Amino acid sequence: MSESEFDLEKELGLELGRPAKPELGLGEDELGRIAISSELSLSLTEAKIEMYVPESRRDRVAVGEYVVIPCDYAGGKIFARIKRLSYRKRDALDDMSEVHLLVGAERVGEEEYIELAELEPLSMIVQGKALEVRHIPKPNTLVRRVASEDEVKVGLDLPEDGLFLGYVAVNGEPIRLASGLPIPYYLRNDPERIGDPLIFTHTLIAGMSGRGKTHVAKNFLRQVVGSRYRMERRGGEEREVNLVILDPHNEYWQMMEDNPVLASLPAKELDTLRGQGVKFGGVKTVRVFVAKEEGRRYQGAPKYLEFTIPFALVRQFPYLIAGGEVNEEQFGALVLLVRDFFAAGGERYQEFKEFLEAATAEERYKAGLIHSETLKALKRRVLRPYFEKVFDQGANPLDQLYEEIFAEGAVSVFPTEHLSPEAERVVVLAIMSMVADAKTEAVESEWAKRIARFPVVLVVDEAHNYLTNAATQQDRIIVEKFVAAAKQGRKNRLGLVLITQNPQDVNEAVLSQVSTRLLLGMEAGLAERAGAPKEYQKALPYFERGRMVVHSPENSHPLELRGLDSCLVQH
Ligand SMILES: Nc1ncnc2c1ncn2[C@@H]1O[C@H](COP(=O)(O)OP(=O)(O)OP(=O)(O)O)[C@@H](O)[C@H]1O
Ligand SMILES: [Mg+2]
């Protein structure tokens, strides 16, 4: 036995070998006393703060719970989290071999041991404000559970209002305090306060399949609808956000409809939601834009507008016709061909095909600018039948329809499930490229000028398919564009919302631009890759539907949330 353990017992008035006294003067909310098993210490980087947990409280403490340690001499209290629980041997049982010999393990009760809880200080609450923890609690101080909403809000540095994300929770359950109401968690969204609305520093929603990503995304986006933000670069005028949603599973058009489950909730619950600033109900401004592909039919939204990708967009985005198999050399040749084609007045995919087929005869290609083998290989790749089915399919070319898609206050949904994988890629990349280029002012065109005029939130579900680690020319260019666009998000008012079950496949350079992470149940390895705080990585695999971790350093301490059981729109 170490001398320090002896100190602890003496200090707590325990007699060796005897059960701990449950009373110890604890009030209902009190959990134990600050103890010293080896040392009580605090430095700029580390803390060793332990609480002795008497028998009467042992069933009430769990790792992850929030506690408060009064620090009267410093004029405040420390807000802390239980980081580790342990049992220690008492003096008399120190020699285990002897114990087993004499007593038999099954007859040694827990009262023969001391329970200690290691506390991780999160902040110091002084006069309603959170400061860093610079003072150490005194030995023997009574530690208690958090008692008020204010303690949680100040202790965890939670914003007062903003975009509702869920309720502050511990171990799966929302924290309920005296009022009985759970504590809402908001993402900062007020342009008048210090710092920018966090939507423009991008959001990741990640979790295993079926854990509720789309449910969470819809609830989050429902809150974003209608937000107005100052345009930093346009004389500070205020504009309503435009949501652009890429929807691979035909689920987001339902945002136009109410969730009938909500209607059946008691009026009191709905009032509570309203009181907490939670927005719900179908969104009137949702419009569904369905890309046309020959031979494919869309079914889903009762009302939608068909559109087509004009081949003319390839002038700006040549990689749209360079699938994964086009290598760097071929891509160089493609860029050259595309440029020549449009320079010669070409417009449509049909014409481009003819142009490409005729290309062998052309002097300049023979002259060595493009190797004949490269040209041959490129032709095989670019003359695929599916391009014919997706470009120039008649009514509503994207570059003419843009005023309806990109509009202040509009919620524009692009379902793509009805498309072939190749056509889906062309459609998604075309829209992503338009937004990214417009927001980085990389292109001069009417649509780009328009998109630059108001805030845009671009939602990419299954983001790992488009912002990948793969190194094809197409992937590389898209990733580059998005890293650039993401970096300027604050300034140009572009917010990305990336949703994925494979965070390990999302390009790291893109992920590193994301400041807010909503992490649902996922494997520990994935959790690490998705940027989960260390203390949650081991727990995340056990997170059932509706449980998530929010990690948004500019918003609050990382913490656990319980999302709403009901979707705020149809899902
Ligand atoms: N918090 C929740 N409470 C109750 N049910 C939920 C919750 N979250 C999701 N669900 C339900 O679980 C199912 C799966 O949710 P959702 O579609 O959001 O999962 P997902 O992670 O997007 O899945 P996928 O990987 O297939 O896209 C849906 O039927 C949804 O209504
Ligand atoms: Mg989903």
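Here the residue numbers are simple positions, counted from 1 along each chain's written sequence. Here every chain gets a letter starting at A, and every ligand a number starting at 1, in the order they are written. Local features in this predicted model are restricted to residues of pLDDT 70 or higher, and side-chain atom pairs are both shown and tallied only at a pLDDT of 80 or more, whereas totals for entire chains, interfaces and linings draw on every residue.

1. Here's the deal with the overall build of the protein chain
When helices and strands are counted, the protein chain shows 20 helices and 23 strands. Judged by the C-alpha coordinates and their principal axes, the protein chain covers about 100 × 55 × 40 Å. Every C-beta atom is placed from the backbone, and the number of other C-beta atoms within 10 Å of a residue's own sets its class: buried at 20 or more, exposed at 12 or fewer, partly exposed in between. Looking at the protein chain residue by residue over its 571 residues, the buried ones come to 44%. Residues are scored as being in contact if the C-beta atoms we place from backbone atoms lie within 7 Å. Excluding contacts between residues fewer than 6 apart, the proportion of contacts in the protein chain whose partners are at least 24 apart in sequence is 72%. Secondary structure counts use DSSP, requiring at least four H or I residues in a row for a helix and at least two E residues in a row for a strand, with both numbered from the N terminus.

2. With respect to the site of ligand 1
Any residue qualifies as near a molecule or strand once its backbone-derived C-beta atom lies within 6 Å of it. The environment of ligand 1 is made up of 14 residues, and the closest members are Gly-212, Lys-213, Thr-214, His-215 and Gly-546. Just so you know the grouping, Ala, Val, Leu, Ile, Met, Phe, Trp, Tyr, Cys and Pro go in nonpolar, Asp, Glu, Lys and Arg go in charged, and all remaining residues, Gly too, go in polar. Here the residues of the shell around ligand 1 are counted per class, giving no nonpolar, 10 polar and 4 charged.

3. Let's talk about the domain arrangement of the protein chain
A common way to state how big an interface is: give the accessible area lost once the parts meet. Just so you know, the domain bounds were taken from an automatic or database domain assignment. For the protein chain, the domain assignment lists domain 1 (3–155), domain 2 (163–307 + 393–562) and domain 3 (313–389). Inter-centroid distance (C-alpha atoms) of domain 1 to domain 2 is 42 Å. Top element by residues in the side of domain 1 that touches domain 2 is helix 3 (residues 149–155). It accounts for 3 residues. Looking at the side of domain 1 that touches domain 2 residue by residue, the class counts come to 6 nonpolar, 2 polar and 3 charged.

4. Side note on unusual backbone geometry
Here the phi dihedral of Asp-157 falls at roughly 60°; this positive angle occurs in a residue that is not glycine. Examined against the element boundaries, Asp-157 turns out to sit in the loop between helix 3 and strand 9 (163–170). Accessibility expressed as a C-beta count within 10 Å gives 15 for Asp-157, which makes it partly exposed. Within the chain, Asn-396 stands out as a residue other than glycine whose phi angle is a positive 50°.

5. With respect to the pairing of strand 8 (residues 142–145)
Both strand 1 (residues 30–35) and strand 8 contribute to a ladder of 3 bridges, which runs antiparallel. Residue pairing across strands places Arg-33 opposite Leu-142, the latter belonging to strand 8. Alignment of strand 4 (residues 66–71) against strand 8, held across 2 bridges, turns out to be antiparallel. If you follow Val-67 over to strand 8, its bridge partner there is Arg-145. Pairing between strands is defined by DSSP: at least two bridges between them are needed.

6. Examining the confidence of the model for the protein chain
Confidence scores per residue from the predictor, reported as pLDDT, run from 0 to 100. For the protein chain, the mean per-residue pLDDT works out to 90, and 91% of the residues sit at or above 70. Within the model, the stretch residues 1–6 combines pLDDT values under 50 with 9 contacts to residues more than four positions away or in other chains. Note on residues 15–23: pLDDT under 50 across the span, and 15 contacts to partners over four residues away in sequence or across chains.

7. Some words on the environment of His-371
Relative to the helices and strands, His-371 resides in the loop between helix 10 (363–369) and helix 11 (372–382). Through-space distance from the C-alpha of His-371 to that of Met-255 is 51 Å; in sequence the pair is 116 residues apart.

8. Thoughts on the pairing of strand 21 (residues 516–519)
Here strand 21 shows a buried face lined by Thr-516 and Leu-518 and a second buried face lined by Arg-517 and Leu-519. Where strand 12 (residues 203–206) lies against strand 21, 4 bridges are found, and the strand directions are parallel. Paired with Thr-203 across the strands is Thr-516, a residue of strand 21. Two elements, strand 21 and strand 22 (residues 547–551), share 3 bridges in a ladder whose sense is antiparallel. Looking at strand 22, one finds that Arg-517 is bridged to His-551.

9. Focus on the packing of helix 14 (residues 421–439) against helix 16 (residues 473–487)
To obtain an axis, a line is fitted to C-alpha atoms, over the contacting stretch when the element is a helix, and the angle between two such axes runs from 0 to 180 degrees between their N-to-C directions. Contact geometry for helix 14 and helix 16: axes closest at 9 Å, N-to-C directions at 40°. By the angle between their directions, the pair helix 14 and helix 16 is classed as oblique. For the pair helix 14 and helix 16, the crossing hand works out as left-handed. Of the residues in helix 16, those in contact with Leu-429, Met-432, Ser-433, Ala-436, Asp-437 and Lys-439 of helix 14 are Ile-478, Lys-481, Phe-482 and Ala-485. Broken down by class, the residue content of the contact of helix 14 with helix 16 amounts to 6 nonpolar, 1 polar and 3 charged. Any angle from 65 to 115 degrees is called roughly perpendicular, while one under 35 is roughly parallel, one over 145 is roughly antiparallel, and all others are oblique. Left-handed describes a crossing whose near helix is turned anticlockwise from the far helix by less than a right angle; the clockwise case is right-handed.

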